[in-house]
Amino acid sequence: MEVEKSKKNKQSGYFSWLACCTKSPPISSSTSSPPSPEVEFPEKDSMVLLPISKITKRKPAGWKAMPYVLGNETFERLATFGLMGNFMIFLLTKFNMEQASAANVLNIWFGVTNFAPLIGAFISDAYVGRFWTIGVASFASLVGMGTLTLIAWKPELHPPPCTQQQLPGCQGPTTPQLCVLFLALGFLSIATGGIRPCSLPFGVDQFDATTDEGRKGINSFFNWYYTTFTVVLILALTVVVYIQDSVSWVLGFGIPAAFMLGSILLFFFGTRLYVYVKPEGSVFSGIAQAVVSAYKKRKVKFPAVVEGEVPAAFGVLYDPPLKGTIVTKLPLTNQYRCLNKAAIALDGEVNPDGSRVNPWTLCSIQQIEEVKCLIKVMPVWASGIVCFTAIVQQGTFTVSQALKMDRHLGPKFEIPPGTVIVISMITLGLWVPLYDWVLVPAFRRITGHEGGITLLQRIGTGIVFSVLSMAVAGVVEKKRRDSALSHGGGPISVMWLAPQLILLGFCEAFNIIGQIEFYYKEFPENMSSVANALFFCTFSLASYLSSFIVTIVHRVTGGGGRPNWLTNDINAGRVDYFYYVIAGMGVVNFVYFLIVARKYNYKVRAHFGEEKSQFDDELDAVKQ
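Conventions used here
- Residue indices begin from 1 for each chain and proceed along its sequence in written order.
- Residue-level local features of this predicted model are given only where pLDDT is at least 70; pairs of side-chain atoms are given and counted only at 80 or more, and the full residue set underlies all totals for whole chains, interfaces and linings.
- As a convention, hydrogens and water are excluded, and side-chain values are obtained from all of the structure's heavy atoms.
- Salt bridges are counted wherever a side-chain nitrogen of Lys or Arg sits within 4 Å of a carboxyl oxygen of Asp or Glu.
- Each helix is a run of DSSP H or I of at least 4 residues and each strand a run of E of at least 2, with the numbering of both proceeding from the N terminus.
- Disulfide: a pair of cysteine sulfur atoms within 2.5 Å of each other.
- A 1.4 Å probe rolled over the protein chains alone gives each residue an accessible area, and that area as a share of the maximum for its type sets the label: buried under 20%, exposed over 50%, partly exposed in between.
- Inter-axis angles, ranging from 0 to 180 degrees, are taken between N-to-C directions of lines fitted to C-alpha atoms, where helices are fitted over the stretch in contact.
- An angle below 35 degrees is read as roughly parallel, one above 145 as roughly antiparallel, one from 65 to 115 as roughly perpendicular, and any other as oblique.
- Crossing handedness: left-handed means the near helix sits turned counterclockwise from the far one by under a right angle, and right-handed means the same turn made clockwise.
- Throughout, a contact is declared for two residues whenever any of their heavy atoms are within 4.5 Å.
- Residues were grouped as follows: Ala, Val, Leu, Ile, Met, Phe, Trp, Tyr, Cys and Pro as nonpolar; Asp, Glu, Lys and Arg as charged; and all remaining residues, including Gly, as polar.
- Remark: nonpolar core denotes a set of buried residues (Ala, Val, Leu, Ile, Met, Phe, Trp, Tyr, Cys) joined through side-chain atoms within 4.5 Å.
- Residues adjacent in sequence count toward polar contacts only when both atoms are side-chain atoms; beyond that, a polar contact is any pair of N or O atoms within 3.5 Å, and within protein one must be able to donate a hydrogen and the other to accept it.
- Only residues above 30% relative accessible area that lack a salt bridge enter a patch, with like-charged residues linked at up to 9 Å and the nonpolar side chains Val, Leu, Ile, Met, Phe, Trp and Tyr linked at up to 5 Å.
- The Shrake-Rupley method, run with a 1.4 Å probe sphere, supplies the accessible areas, and residue values consider only the shown protein chains as cover.

**Observations regarding the pattern of salt bridges**
Turning to step 1, where the next piece is worked out: All chains considered together, the criterion is met by 8 salt bridges.
Turning to step 2, where the next piece is worked out: The residue Asp319 makes a salt bridge to Lys329 at a minimum N-O spacing of 3.4 Å. Taken together, the residues Asp319 in the loop between β2 (317–318) and α10 (365–392) and Lys329 in the loop between β2 and α10 connect sequence positions 10 residues apart.

Take a look at the structure:
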């Protein structure tokens, strides 16, 4: 009798009756009413957050390991952002490229670099683990920065110098020179793909999340992580860029390369302190399995459920308990109901111990709901591509504008062109705490919403600022061009670029931080790698879209003796029209976002007595 009871309890833990999926799906949002009382939620006991099970016997070193982890991440960002901030000038002045070609090289490299973390996260989670992913990527960064230093140092690796008078007839880069340049950029993309998705989780691994001291350490680590990120960004856009522009490109590339060498040594010095979590498989595999299983069972019909009767074993949904994880269990919904078929357990698909015979023919309800989370956010994610297209212009044509403007601060000091984009970073750094400490409490009293405004409202506000920034950029560029072409006129001050950069800072504060929080809130905890990947992919596709627009504009404008809008001589072109094109695309994108946001339903908080997850703590760190 006891055996039968035990067996029955065990069986009920593995399956969820089909009756759950025949009722209305639970909906949750800031404005919707509570779920209908007809909805059957999983039992409370099946939704308890369990501690992380780490595959190691070593006690986490906590803060003792942080100098090695943060040092590696800091120097990698110093190298990458020091290059990105001024690379447009390097291509224009050192490689004698045309403006449109240089912008396309930069946009394509940005795209590859921001797509690489998706691959790096998969390799790390599924095969080699975070430590070796970071280690190999660090060596790739050193090789990339070393190659760029050689390019700037050796005359045979770049075109001969060109004066302003020779500009129309300057000798461009040869094919071998471009190959060496692209090789260096490729190594830097590999470095970014390995370090960025792994450094933050690897740092969290060094704390014991099951203790109060460990959880406090994780919170502080997030604070330090984002603080060092901001400091490095400002240093890269000021000190490093100044050395490159005013002292020497060799020194400007060599210093970050030397720092990268030091960071590698520092990182491997900490090997005796680190906690190593073995790869346990990527969430991307689970997503693929759910899609494949649903397709294979597309012709399987849900069995009828007779009221008051328990359905037969055929047709029950596979719903095993979550073990050894902090993942919140998601309730079954009817949205994208065709995917639910992947969880129908047919004869012979479940072993006696409750495990699956083949993960490509049967998936759990959790896997299915994770796929639904991904599908649900994709329309919102797509709206970020055009918005980010405005942001990436900071590193291309904004720098070209600054190159032709008066950059003097006093009689002797001249601001490097690549440094002007630090204005948007300063705006971001000043606005976020003001917004969090002053405006959110004020909005909260008006709206009653915990965040002052909803996440979708925050993302939409960022889109509005992206449109305004491009419109202002067009007006400023027209004034700059008219002044440069007028008789007796001269270059206007580079501070005229401040309004468009300040607006882009607001755009980042609302849209970027809003997107990060949106992904982390809407995805279960084990999909944080997907959240990171989506964010970086937005920048990647925005860079590709920018490159596509530049190519089209470069080919179809001009003619009849007139240069195209993006001709090499910015004073002869019409970059202001280019900005207006992006602003117009932004208006269309905003209308699309309003339609998508109106139909969106926020994720159900399925577990009772919900506690704050580590990702909520991370987001608090971002705001602080």
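The structure having been displayed, the exposition proceeds.
**A word on the state of the cysteines**
Turning to step 1, where the next piece is worked out: Using the criterion set out here, one finds 0 disulfides in the structure.
Turning to step 2, where the next piece is worked out: Of the cysteine sulfurs around Cys387, a residue in no disulfide, the closest is that of Cys507, at 3.6 Å.

**Thoughts on the environment of Thr396**
Turning to step 1, where the next piece is worked out: Mapped onto the elements of the fold, Thr396 is located in the loop between α10 and α11 (397–403).
Turning to step 2, where the next piece is worked out: Residue Thr396 is classed as buried on the basis of its relative accessible area of 0%.
Turning to step 3, where the next piece is worked out: Between the alpha carbons of Thr396 and Asn107 there is a distance of 8.3 Å; along the sequence they are 289 residues apart.

**Re the packing of helix α12 (residues 422–447) against helix α14 (residues 498–522)**
Turning to step 1, where the next piece is worked out: The geometry of α12 relative to α14 is characterised by a closest axis approach of 8 Å and an angle of 50 degrees between their N-to-C directions. Looking at the two axes, α12 sits oblique to α14. Classified by chirality, the crossing of α14 by α12 is right-handed. Facing Ile423, Ser424, Met425, Thr427, Leu428, Trp431, Val432 and Tyr435 of α12, the residues of α14 in contact are Ala498, Leu501, Ile502, Gly505, Phe506, Glu508, Ala509, Phe510 and Ile513.
Turning to step 2, where the next piece is worked out: For the contact of α12 with α14, the residue count by class is 13 nonpolar, 3 polar and 1 charged.

**Concerning the nonpolar core**
Turning to step 1, where the next piece is worked out: With 128 residues, the main nonpolar core has Phe90, Leu148, Leu181, Phe518, Phe523 and Phe578 as its most contacted residues.
Turning to step 2, where the next piece is worked out: In terms of residues, this core owes the most to one element, α10, which gives 14 residues.
Turning to step 3, where the next piece is worked out: Core analysis: the next-biggest nonpolar cluster, separate from the first, contains 21 residues, Ile134, Leu200, Phe202 and Tyr225 among them.

**Here's the deal with unusual backbone geometry**
Turning to step 1, where the next piece is worked out: Unlike most non-glycine residues, Asn96 shows phi in positive territory, near 55 degrees.
Turning to step 2, where the next piece is worked out: By relative accessible area, which is 13% here, Asn96 ends up buried.
Turning to step 3, where the next piece is worked out: With a phi angle near 55 degrees, Tyr336 is a residue other than glycine that sits in the positive phi range.
Turning to step 4, where the next piece is worked out: Mapping Tyr336 onto the fold places it in the loop between β2 and α10.

**Comments concerning the side chain of Lys297**
Turning to step 1, where the next piece is worked out: Summarising the element assignment, Lys297 is placed in the loop between α9 (283–296) and β2.
Turning to step 2, where the next piece is worked out: Accessibility expressed as a relative area gives 4% for Lys297, which makes it buried.
Turning to step 3, where the next piece is worked out: In this structure the side chain of Lys297 is engaged in a polar contact, spanning 2.4 Å, whose partner is the backbone oxygen of Ile344.
Turning to step 4, where the next piece is worked out: Those residues within four positions of Lys297 in sequence are excluded, and the remaining contacts are Lys341, Ala342, Ile344, Leu346, Glu349, Thr361 and Leu362.

**What to know about the packing of helix α13 (residues 455–485) against helix α16 (residues 575–599)**
Turning to step 1, where the next piece is worked out: Where α13 meets α16, the closest approach of the two axes is 8 Å, and the angle between their N-to-C directions is 165 degrees. With respect to α16, the element α13 is oriented roughly antiparallel. Once α13 is placed against α16, the crossing between them reads as left-handed.
Turning to step 2, where the next piece is worked out: Partitioned by chemical class, the residues of the contact of α13 with α16 number 18 nonpolar, 4 polar and 3 charged.

**A few points about a nonpolar patch on the surface**
Turning to step 1, where the next piece is worked out: A cluster of nonpolar side chains, Phe115, Ile119, Ile123, Tyr127, Val128, Trp132 and Val136, forms an exposed patch at the surface whose accessible area comes to about 710 Å².
Turning to step 2, where the next piece is worked out: For the nonpolar patch, the secondary structure elements donating two or more residues are α4 (99–128) and α5 (130–153).
Turning to step 3, where the next piece is worked out: No other element matches α4, which puts 5 residues into the nonpolar patch.
Turning to step 4, where the next piece is worked out: Along the chain, Trp132 turns up in helix α5.

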